[in-house]
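# What the coordinates show
What follows is the residue order along each chain.
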Amino acid sequence: MIWPMPESARRFGRSPVIAWQIVLDDEGLANWSEPVVEGVICSAAYAILCPDGTVQETDSGIYYDKVEAWLDTLPKVTV
């Protein structure tokens, strides 16, 4: 999992995804999966850095070819 670093437009933090939790709907069917991340107590991830270097925004289905392309889409930060 990656997220933009506060007060920086071109840096990001990262934590390893250690498992995937399957979320069931009201009927007991698999609905979606959420990353389980070390040191994070909520399941709302910002983006997933895939092993091939691509970045997927969570819950959107949008992929970027590389981290820099994802960073370019984030709101600009002034320091």
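As a reminder, the structure under discussion sits directly above these lines.
The following paragraphs examine the structure supplied in this document. (Residues numbered from 1 in each chain as written. Predicted model: local features only at pLDDT ≥ 70, side-chain atom pairs only at ≥ 80, totals over all residues. Heavy atoms only, no water.)

### Some thoughts on the overall build of the protein chain
Going by this rule: By definition, any uninterrupted DSSP run of H or I lasting at least four residues is a helix, any uninterrupted run of E lasting at least two residues is a strand, and each is numbered from the N terminus. Think of it in three bands: residues with accessible area under 20% of the maximum for their type are buried, residues over 50% are exposed, and the middle band is partly exposed, with areas taken using a 1.4 Å probe on protein chains only. Any two residues whose heavy atoms approach within 4.5 Å at even a single point are treated as in contact. Each accessible area is a Shrake-Rupley result for a 1.4 Å probe, and residues are judged covered by the shown protein chains and nothing else.
Of the regular secondary structure elements, the protein chain holds one helix and seven strands. The secondary structure elements of the protein chain, listed N-terminal to C-terminal, are β-β-β-β-β-β-β-α. The buried share of the protein chain, taken over its 79 residues, is 25%. If you take every contact in the protein chain between residues at least 6 apart in sequence, the share linking residues at least 24 apart comes to 28%. When the accessible surface of the protein chain is split by element, carbon and sulfur atoms take 54% of a total near 5,700 Å².

### As for the side chain of Ser15
Structurally, the position occupied by Ser15 is in the loop between β2 (12-14) and β3 (17-24). Leave out the neighbours within four places in its chain, and Ser15 touches Met1, Trp3, Val37 and Glu38.

### With respect to the environment of Tyr63
Keep this limit in mind: Side-chain atoms alone can form a polar contact between residues adjacent in sequence; in general such a contact is a pair of N or O atoms within 3.5 Å, and within protein one must be able to donate a hydrogen while the other accepts it.
Relative to the elements of secondary structure, Tyr63 occurs in strand β7 (residues 63-64). A sequence separation of 16 residues divides Tyr63 from Ala47, and the C-alpha atoms of the two residues are 9.6 Å apart. Among all residues touching Tyr63, those that are not within four sequence positions of it are Val55 and Gln56. Within the structure, Tyr63 has its side chain in polar contact with the side chain of Gln56 (distance 3.4 Å).

### Focus: the pairing of strand β4 (residues 30-37)
To keep things clear, this is the line we draw: Each pair of strands is called paired provided DSSP finds at least two bridges between the two strands.
Of the pairings in the sheet, the one linking β3 to β4 comprises seven bridges and is antiparallel in character. Looking across to β4, one finds that Val17 is bridged to Val37. Taking the residues that link successive antiparallel strands as the turn, the β3-β4 hairpin has five residues, and the phi of Gly28 there is positive, at about 85°.

It is worth stressing that arrangement in space is one thing and function is another; only the former is reported here.
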